[in-house]
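# Overview (structure and organization)
Given next are the chains, with one letter for each unit.
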Amino acid sequence: MSMTLREEVRRALIDYKNGSLKYEQLPELCATRTPKVPIVDPESPEVLKETDPTYMDSAASAPLLLPPKLFAETLEAKYRSNYGRSYGYSEKIIRRSLHQTRAEALAYFGGVPQDHIVVLGSNTTNLTLIFYQHVLARDSDPHILISRLSHSAASMPLRKLARETWEYIPLSSCFSLDLDGLEKRLKELRRNGSKEITLVGETTSNVTGYETEWREMISLAERYGCRVLLDNAQGGPFIEIRLKDYSADVFVVISGHKMGARDGSGVLVGPYSLFEREVPLQPTAGMILHYTEDREYFLLPPLAQEYGTPNYIAQASLAESFKVFSTVGLSRMKEGLRKRTLQLLGHLEGTDRVKVLGCAQHSHPRYGSISFVVHGEDGREVSSPAVAAALAYFHGVQLRSNHLCAPVYIQALKGIDNERANQIAESSFRLALGQDVEANFQELQRLDVADIDICSLWVVRPSVGFGTTEAAVDRFGSALRQVIQKKEYTRLTQVPMGATAQALRGGSSFTLEHVPSGLPPHLISRLVEPEVPEFEI
Ligand SMILES: Cc1ncc(COP(=O)(O)O)c(C=O)c1O
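What counts, and at which threshold
Residues numbered from 1 in each chain as written. Predicted model: local features only at pLDDT ≥ 70, side-chain atom pairs only at ≥ 80, totals over all residues. Helix = DSSP H or I, 4+ residues; strand = E, 2+ residues; numbered from the N terminus. Rg over C-alpha atoms; globule rule 2.2 N^0.38 Å. Buried ≥ 20, exposed ≤ 12 C-beta atoms within 10 Å, placed from the backbone. Contact = placed C-beta atoms within 7 Å. Domains from an automatic or database assignment. Axes fitted to C-alpha atoms, helices over the stretch in contact; angles between N-to-C directions. Parallel < 35°, antiparallel > 145°, perpendicular 65-115°, else oblique. Left-handed = near helix turned anticlockwise from the far one by under 90°. Nonpolar A, V, L, I, M, F, W, Y, C, P; charged D, E, K, R; others polar. Near = placed C-beta within 6 Å. Expected span 1.5 Å × (residues − 1). Arc of directions from axis to C-beta. Core = buried A, V, L, I, M, F, W, Y, C linked by C-beta atoms within 7 Å. Pairing = 2+ DSSP bridges.

## Considering the overall build of the protein chain
- Looking only at helices and strands, one finds 16 helices and 17 strands in the protein chain.
- For 537 residues, the compact-globule estimate of 2.2 N^0.38 gives 24 Å, and the C-alpha radius of gyration of the protein chain, at 24 Å, lies within 12% of that figure.
- Based on the C-alpha atoms only, the size of the protein chain along its principal axes is roughly 65 × 65 × 50 Å.
- By residue count, 44% of the 537 residues in the protein chain fall in the buried class.
- Contacts spanning at least 24 positions in sequence make up 68% of the contacts within the protein chain whose residues lie at least 6 apart.

Dropping the structure here:
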């Protein structure tokens, strides 16, 4: 063990090993420590300053946790070897490490070895695709109902199917799953003779942070004989799922990079029966026992779902994430995250001209992500990416601002009907391509979004996670107040994204990025397009 670990970090690692780790110690266990980042003063952008970074983007990727990192480094430094059927000590270590991840995942999601399978993959997107491929191959008359809160990882693959094959689950007045509406639809589908119904929903929204009614959705699935896919990308560190308790076929999918593991890891856990087929759906390397000139002898699932050399170090590291969160206890993980989320919500609701998206009448439990928009003194919406850019360039805050891969949900939250959303998107797209500039600009003016065009369909999203400290949330709150009170979002100018890199290739103005107005050219490469750091010796 390194001698340079701070005492609190060493203590947290020891507590983890002893099984007494607390939620409050998790920021100490985070291995990602970003040094000071450059910022400028909106009034005088010609002088570069430095500040502590404020990371409010945990819903996108959480910081790397030390136990997965140290475990990955041990494997890399001592036992790096391909994984397969070699003879040799290192290969056995890697193989057993991957087995450990499967065993931990199974226990974490309450599965049982004889019924459930753990497919290892690189992220939620990749594993959700594998799930859909199997559903569509197995079901002769598939029908998929998907949450309107869904992320594109779950929704996009369905959109190229005929609309009769899939539909949205209605949204409740609280902007979550409308269970009555879902039940009504399930009754109709059953009455019409639909045989194979799959429900797809997320445990936690990456937009509002709502924990959805995923348990009730499973109960409906049990009653109406459906299969369920739970996108647990956001809920991985704290949602307790007990697969063996459900009589419906329930699948759960997560991404390791949102759980403090190395990038490139994820699991899909669910009933084995979905994968029971004679041949893999995508025959390729890594899944073959043997083949002759004319016949193939494939390995069994889950190996038949895992292609080529896996990201084995990352996937092995994921076992440690499951252990860390289990050691803290998932109910304590949930409690800790809720506290931090309420702190964030308090800052947002206490800031004038901020509108938090979600149900204004009832409070719905939120975890991690909160989306908002800002209104100027004239009541018009301020471009969300401009708010995000002001936070980044003037305060060193990182958060997300766009459609969050859930534009259909954001449309509903912002009360924008589909026709209007299409008009805004279409005109913005044409404008960006330089087509019919005058006509499209007039159309955007008519829609009253000319100055922020497509951004009127977007939001700002700060998110907190197990690595977020109380101090970071307070820093964010005070930065946001300054951005709004001093109208720092007006101290920006728009330039084509990747301006310097693209200029070399002829450039495109398709996406514009906000940068501080008056920033001297020599600071662009320091602030806007920083040099990639070299490794230190
Ligand atoms: C709810 C939800 N589902 C799926 C994903 C996709 O995850 P990944 O990019 O790791 O595949 C995300 C990522 O943000 C998410 O928030």
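## Re the domain arrangement of the protein chain
- Looking at the assigned domains, one finds that the protein chain contains domain 1 (70-327), domain 2 (332-404 + 459-518) and domain 3 (414-454).
- Every contact between the two is made by 16 residues of domain 1 and, on the other side, 19 residues of domain 2.

## Focus: the environment of Leu 70
- Structurally, Leu 70 is set in helix H2 (residues 66-79).
- Leu 70 gets classed as partly exposed once you count the C-beta atoms within 10 Å, which come to 16.

## A look at the packing of helix H10 (residues 384-395) against helix H14 (residues 470-485)
- Closest axis-to-axis distance for the H10/H14 pair is 10 Å, and the angle between their directions is 115 degrees. Comparing the axis directions of H10 and H14 gives the class roughly perpendicular. Here H10 and H14 pass one another in a crossing that is right-handed. Packed against H10, whose contacting residues are Val 387, Ala 390, Leu 391 and His 395, the element H14 presents Ala 479, Leu 480 and Val 483 at the interface.
- Among the residues making up the contact of H10 with H14, the classes are represented as six nonpolar, one polar and no charged.

## Digging into the site of the ligand
- Residues in contact with the ligand, as listed here, are Ala 60, Asn 123, Thr 124, Thr 125, His 151, Ala 153, Glu 202, Asn 206, Asp 231, Ala 233, Gln 234 and Ser 255.
- Of the residues assigned to the shell around the ligand, the class counts are three nonpolar, seven polar and two charged.

## Some points on helix H4 (residues 124-138)
- Its 15 residues give H4 an end-to-end C-alpha distance of 21 Å, which sits within 8% of 21 Å, the value for a rise of 1.5 Å per residue.
- By the burial criterion, the buried members of H4 are Thr 124, Thr 125, Leu 127, Thr 128, Ile 130, Phe 131, Tyr 132 and His 134.
- The elements touched by buried residues of H4 are strand S4 (116-121), helix H5 (152-159), strand S8 (227-231), strand S9 (249-255) and strand S10 (266-271).

## Quick word on helix H7 (residues 214-224)
- When H7 is considered as a whole, its buried residues turn out to be Trp 214, Met 217, Ile 218, Leu 220 and Ala 221. The arc that holds the buried residues of H7, viewed along the axis, is 160 degrees, so those residues lie on one side.
- After H7 finishes, the residue Gly 225 shows a positive phi value of roughly 65 degrees.

## Details of the nonpolar core
- The biggest cluster of nonpolar side chains holds 79 residues, and the ones touching the most others in it are Val 228, Phe 251, Val 252, Leu 268 and Val 269.
- Sorting elements by how many residues they give to this core places helix H8 (residues 312-328) first, with ten residues.
- Composition of this core by domain shows at least three residues from each of domain 1 (70-327) and domain 2 (332-404 + 459-518).
- In this structure Val 269 touches Ala 105, Leu 106, Phe 109, Gly 111, His 116, Val 118, Leu 243, Phe 251 and Val 252, once residues within four positions along its chain are discounted.
- Counting residues in each nonpolar core, the second largest holds 53 residues, with Phe 372, Leu 399, Val 459 and Val 473 among its members.

## Quick look at unusual backbone geometry
- Pro 302 follows Pro 301 through a cis peptide bond whose omega is 5 degrees.
- Among the secondary structure elements, Pro 302 is positioned in the loop between strand S12 (296-298) and H8.
- You will see that Phe 175, though not glycine, has its phi angle at about 65 degrees, which is positive.
- Locating Phe 175 in the fold gives a position in the loop between strand S6 (166-169) and helix H6 (179-191).
- For Phe 175, a count of 20 C-beta atoms within 10 Å gives the class buried.
- Unlike most non-glycine residues, Asp 448 shows phi in positive territory, near 65 degrees.
- With respect to the helices and strands, Asp 448 occurs in the loop between helix H13 (437-446) and H14.

## Let's talk about the sheet that holds S4
- Taken together, seven strands build an open sheet; the order of strands is S4-S10-S9-S8-S7-S5-S6 and the sheet is mixed. On the outer flanks of this sheet lie S4 and S6, each paired with one strand and no other. When strand polarity is set aside, the average angle formed by the axes of neighbouring strands in this sheet is 20 degrees.
- In the sheet, S8 pairs with S9 via five bridges, with the strands oriented parallel. By the bridge assignment, Arg 227 is partnered in S9 with Asp 249.
- The sheet contacts of helix H3 (residues 89-108) involve S4 and S10, and relative to S4 the element is tilted by about 125 degrees.
- Running at roughly 140 degrees to strand S5 (residues 142-147), H5 makes contact with S5, S6, strand S7 (196-202) and S8 of the sheet.

## Considerations on the environment of Asn 232
- If you trace the backbone, Asn 232 turns up in the loop between S8 and S9.
- Taking the C-beta count within 10 Å as the criterion, Asn 232 has 26 such neighbours and is therefore assigned buried.
- The spatial distance from the C-alpha of Asn 232 to the C-alpha of Phe 251 is 9.8 Å, given a sequence separation of 19 residues.
- Apart from residues no more than four positions distant in its own chain, Asn 232 is found in contact with Thr 203, Ile 239, Ile 241, Val 252, Val 253 and Ile 254.

## A short note on the packing of helix H12 (residues 418-433) against H13
- Taken N-terminus to C-terminus, the directions of H12 and H13 make an angle of 150 degrees; their axes are 9 Å apart at the nearest point. Accordingly, the angle class assigned to the pair H12 and H13 is roughly antiparallel. For the crossing formed where H12 meets H13, the hand is left-handed. Of H13, the residues touching H12 (which contributes Gln 423, Ser 427, Ser 428, Arg 430 and Leu 431) are Val 437, Asn 440, Phe 441, Glu 443 and Leu 444.
- For the contact of H12 with H13, the class distribution of residues is four nonpolar, four polar and two charged.

## Thoughts on the environment of Glu 534
- By the element assignment, Glu 534 lies in the segment after helix H16 (521-528).
- Overall, Glu 534 belongs to the exposed group, with 6 C-beta atoms counted inside 10 Å.
- Separated by 121 residues in the primary sequence, Glu 534 and Leu 413 place their C-alpha atoms 43 Å from one another.

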